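Structural characterization, general
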Amino acid sequence: MQENHKTNIPAIISLILSILSIICCCIWYISLVMGIVAVVLGVLGLRSNNPNQKDAAIAGIVVGAVGFALAVSVAVMYIMILSGVSGTATTAALGIGSMI
């Protein structure tokens, strides 16, 4: 009886990309793409006929979603800092803008 041990390639790639998406979360546009691709490959690895590495596919989906969420939060903070929203909200709340 020989057991067929095939590697679930999409699950492994999903796990690798999801870990990289968290590591690169400061570069939000790269992390965003890697997180999306990791989740898609994780779902493909989970739905494949190959039962090996299902846990790697699930981990890739979860960690990829966390990497995606980090990338979105970094992007929102980056946009807020560049647009100056935080500074105008503080001065408007204190009423400093009307004094000048």
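Scroll up a little and you will see the structure.
All of these numbers come straight from a predicted model, not from anything done at the bench.

What follows is about the state of the cysteines. A covalent bond bridging the sulfur atoms of two cysteines is what the word disulfide describes. Considering all chains together, one arrives at zero disulfides under this definition. Looking at the unpaired Cys 25, the closest cysteine sulfur is the one in Cys 26, lying at 4.5 Å. The exposure class assigned to Cys 25 is buried, which follows from its relative accessible area of 15%. Residue Cys 26 is classed as exposed on the basis of its relative accessible area of 68%.

The subject of this paragraph is the packing of aromatic side chains. Scanning the entire structure with this criterion turns up one aromatic pair. Measuring from centroid to centroid gives 5.7 Å for Trp 28 and Tyr 29, while their planes differ by 80 degrees, and the two rings are edge-to-face.

Here helix 1 (residues 9-23) crosses helix 2 (residues 28-47) at 155 degrees, and the two axes come no closer than 8 Å. Taken together, helix 1 and helix 2 sit at an angle that is classed as roughly antiparallel. Helix-helix and strand crossings are classified by hand; for helix 1 and helix 2 the assignment is left-handed. Between helix 1, through Pro 10, Ala 11, Ile 13, Ser 14, Leu 17, Ser 18, Leu 20 and Ser 21, and helix 2, the contact on the second element is made entirely by Ser 31, Met 34, Gly 35, Val 37, Ala 38, Leu 41, Gly 42 and Gly 45. Looking at the contact of helix 1 with helix 2, its residues break down into nine nonpolar, seven polar and no charged.

We now examine helix 3 (residues 54-83). The end-to-end C-alpha separation of helix 3 is 43 Å, in line with the 44 Å expected for 30 residues at 1.5 Å each. Where the residues of helix 3 are buried, they touch helix 1 and helix 2. At the C-terminal side of helix 3, Gly 84 shows a positive phi close to 80 degrees.

Under the 1.5 Å per step criterion, the end-to-end length of helix 1 is 21 Å for 15 residues, consistent within 8% with the ideal 21 Å. Listed as buried for helix 1 are Ala 11, Ser 14, Leu 17, Ser 18 and Ser 21. Projected down its long axis, helix 1 carries its buried residues within an arc of 130 degrees, all on one side. Those residues of helix 1 that are buried lie in contact with helix 2 and helix 3.

Relative to the helices and strands, Ser 18 resides in helix 1. A polar contact is formed between the side chain of Ser 18 and the backbone oxygen of Leu 15, at a distance of 2.8 Å. Here Ser 18 is in contact with Ala 38, Ala 59, Gly 60, Val 63 and Gly 64, once residues within four sequence places are set aside.

Time to look at the side chain of Ser 21. Its place among the elements puts Ser 21 in helix 1. By relative accessible area, which is 0% here, Ser 21 ends up buried.

Conventions and cut-offs
- All residue numbers refer to positions counted from 1 along the written sequence of the respective chain.
- Local features in a predicted model are, by the rule used here, given only for residues with pLDDT of at least 70; side-chain atom pairs are given and counted only at 80 or more, and totals for whole chains, interfaces and linings are based on all residues.
- As a convention, hydrogens and water are excluded, and side-chain values are obtained from all of the structure's heavy atoms.
- The definition used for a disulfide is geometric: two cysteine sulfur atoms within 2.5 Å.
- Exposure is judged per residue with a 1.4 Å probe applied to protein chains only, and the accessible area is read against the type maximum: over 50% gives exposed, under 20% gives buried, and values in between give partly exposed.
- Two aromatic rings, drawn from Phe, Tyr or Trp (for Trp, its six-membered ring), form a pair once their centres lie within 6.5 Å of each other, and the interplanar angle then sorts them: stacked below 30 degrees, edge-to-face above 60, tilted otherwise.
- Note on geometry: axes are lines fitted to C-alpha atoms, helical ones only across the stretch in contact, with angles between N-to-C directions running from 0 to 180 degrees.
- Strands are runs of DSSP state E lasting at least two residues, helices are runs of H or I lasting at least four, and both sets are numbered from the N terminus onward.
- In this scheme, roughly parallel covers angles under 35 degrees and roughly antiparallel covers those over 145, while 65 to 115 is roughly perpendicular and the rest are oblique.
- When the near helix sits turned anticlockwise from the far one by under a right angle, the crossing is termed left-handed; a clockwise turn instead gives a right-handed crossing.
- Whether two residues are in contact is decided by their heavy atoms, any of which lying within 4.5 Å being enough.
- Any residue that is not Ala, Val, Leu, Ile, Met, Phe, Trp, Tyr, Cys, Pro, Asp, Glu, Lys or Arg is counted as polar, Gly included; the first ten are nonpolar and the last four charged.
- Multiply 1.5 Å by the residue count of a helix minus one, and that product is the helix's expected span.
- Summarising the geometry, the arc corresponds to the directions from the helix axis toward the C-beta atoms.
- Two N or O atoms form a polar contact when they lie within 3.5 Å of each other; inside protein one atom must be a possible hydrogen donor and the other a possible acceptor, and for residues adjacent in sequence the pair counts only when both atoms belong to side chains.

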